[in-house]
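Here's the letter readout for the chains.
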Amino acid sequence: MRLGISTATAPGFTLEELSRSCRHRGLRAIELIEGHAHGLTLGSAAAEARQARRVLADAGVEQILFRPSAPAGAFSEQAVALAVELEAAVALAAPDAFAEAAPLAHWAARYAEAGSRLLLLHGTDAAEAAACREAARRVPDRTIQLGWTADPHAADLTAGSAAVLEAAGARLAAVRLAGSGPEAAASEGRGVGALMARLALRGYAGIIVLTPTSAARLPVWRVWLGRSSGWGCGSKAADASLVRLEQPMNPAQETV
Amino acid sequence: MKDMSQSRELDVRVIPPREKHPTIFATYDALEPGESFVLVNDHDPFPLRYQFEAERPGGFGWDYLESGPVVWRVRISRR
């Protein structure tokens, strides 16, 4: 697994500031949301996108997600071109992807032809994850991957993570985790540890993208992104009752 | 079962502080003998090694793959 951040943690950071933060904290993935201060948009020139890719790569960033400000923007030639130049996957929320008449398969094929891919985001809902997986399965060549927006404050992950992981299967390539980083202590007992253990035991090779729980928390993220040191390991106050893995792990049975 | 020891990573930087060590031990306890995972952390987890020595004596392997200054990666294996 590769740890990264969303620009939702620092909407006002320029690309250089984001790169510096990734380097400081050893982050290897980033979600670029259109409209934030990094400046990349669906209308960005190819050279600008390539330069952004180089800047991020120099900071150690290996994987990029790009989220258009309007979901329909993912279904456009501009998005395909940007994804290619950025070497990024373009992400959109599942309800938005399914709302269109039938363009998902068409655009998945376009991304594949261009050498990129789409990523469908679902929530902590096994049925929604299963619907995404089924949609992805209907498209050849594994060109659609899945991403899970996991907010332990909105839905306790203790009970739900096993079912969502099972439903998403091996196409899961991104977990957008809210309320971690500088907010982690407030997520205690909400299943984050169990989720991470399950991902590790499955051999999950995707990315973990940290997101804030709300705009009110951005000041503490700004501080966190500017530091390279940890915030304490917490070992003195460890509590084993906070982490439960009731269901057995059997990743060998996992299918796409 | 396919061998996934090479790809198993547990990045504890995202885990609430009081859940970190319990999560690491839960992951370790779920391994079969001969399997391993790579622990990723933002500081040297040597206190954890002492805890392993106390609570899982003789049964684990501990190999540093990366030692800072930003990220520490340790392969923890079950014998």
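The sections below set out a description of the structure shown in this document. (Residues numbered from 1 in each chain as written. Chains lettered and ligands numbered in written order. Predicted model: local features only at pLDDT ≥ 70, side-chain atom pairs only at ≥ 80, totals over all residues. Heavy atoms only, no water.)

Brief notes about the overall build of chain B
Along chain B, the regular secondary structure elements total two helices and four strands. What you see for chain B is a C-alpha radius of gyration of 12 Å, in line with the 12 Å of a compact globule of 79 residues. Its C-alpha atoms put chain B at 35 × 25 × 20 Å along the principal axes. Carbon together with sulfur atoms contributes 49% to the accessible area of chain B, which is approximately 3400 Å² in total. Computing the positive centroid from 11 side-chain charges and the negative centroid from 13, chain B places the two 1 Å apart. (Helix = DSSP H or I, 4+ residues; strand = E, 2+ residues; numbered from the N terminus. Rg over C-alpha atoms; globule rule 2.2 N^0.38 Å. Areas by Shrake-Rupley, 256 points an atom, 1.4 Å probe, with all protein chains shown as cover. Lys, Arg positive; Asp, Glu negative; His and termini not counted. Charge placed at Lys NZ, Arg CZ, Asp CG, Glu CD.)

Describing the packing of aromatic side chains
Residue and element names in this part refer to chain B. Counting across every chain of the model gives seven aromatic pairs over all chains. With centroids separated by 4.3 Å and ring planes inclined at 25 degrees, the aromatic side chains of F25 and F52 adopt a geometry described as stacked. In this pair, F25 is assigned in helix α1 (residues 17-29) and F52 in helix α2 (residues 46-55), connecting sequence segments 27 residues apart. We classify F25 as buried; its relative accessible area is 6%. Overall, F52 belongs to the buried group, its relative accessible area being 0%. One aromatic cluster in this structure is built from F25, Y28, F52, F60, W62 and Y64. (Phe/Tyr/Trp six-rings, centres within 6.5 Å; stacked < 30°, edge-to-face > 60°. Buried < 20%, exposed > 50% of the residue type's maximum accessible area, 1.4 Å probe, protein only.)

Overview of helix α7 (residues 157-168) of chain A
Side chains three or four residues apart in an α-helix point the same way, a direct result of the helix having 3.6 residues per turn. Residues and elements named next belong to chain A. The buried fraction of α7 is high, at nine of twelve residues. Within the sequence span of α7, burial applies to L157, T158, G160, S161, A162, V164, L165, A167 and A168. If you follow the buried residues of α7, they end up packed against β5 (117-122), α6 (126-137), β6 (144-150), β7 (172-178) and α8 (192-201). Taken from the residues just after α7, G169 is the one with a positive phi, measuring 65 degrees. (Contact = heavy atoms within 4.5 Å.)

Some thoughts on a nonpolar patch on the surface
Taken together, the side chains of F46, Y50 and Y64 of chain B present a nonpolar region at the surface, about 320 Å² in accessible area. Looking at the secondary structure, you find Y50 of chain B in helix α2. (Patch = residues over 30% accessible without salt bridge, like charges linked within 9 Å, V, L, I, M, F, W, Y side chains within 5 Å. Salt bridge = Lys/Arg side-chain N within 4 Å of Asp/Glu carboxyl O.)

Topic: unusual backbone geometry
In this structure, the amide linkage connecting G68 of chain B to the following residue, P69 of chain B, adopts the cis form with an omega of 5 degrees. As for its placement among the helices and strands, P69 of chain B is situated in the loop between β3 (60-67) and β4 (72-78). One non-glycine residue, E87 of chain A, lies in positive phi territory at about 55 degrees. Its location among the elements puts E87 of chain A in the loop between α3 (77-86) and β4 (88-93).

A word on the pairing of β3 of chain B
Residue and element names in this part refer to chain B. Here seven bridges tie β3 to β4, and the two strands are oriented antiparallel to one another. The residue of β4 that forms the bridge with D63 is R75. Connecting β3 to the antiparallel partner β4 that follows it, the hairpin turn spans four residues, and G68 within it adopts a positive phi of roughly 75 degrees. (Pairing = 2+ DSSP bridges.)

Quick word on the packing of α3 of chain A against helix α5 (residues 103-114) of chain A
All names here are of chain A. At a minimum axis separation of 10 Å, α3 and α5 run at an interaxial angle of 35 degrees. Where α3 crosses over α5, the two elements pack in a sense that is right-handed. Here E77, A79, V80, A83 and V84 of α3 come into contact with α5, specifically with W107, R110, Y111 and A114. In terms of residue class, the contact of α3 with α5 is built from seven nonpolar, no polar and two charged. (Axes fitted to C-alpha atoms, helices over the stretch in contact; angles between N-to-C directions. Left-handed = near helix turned anticlockwise from the far one by under 90°. Nonpolar A, V, L, I, M, F, W, Y, C, P; charged D, E, K, R; others polar.)

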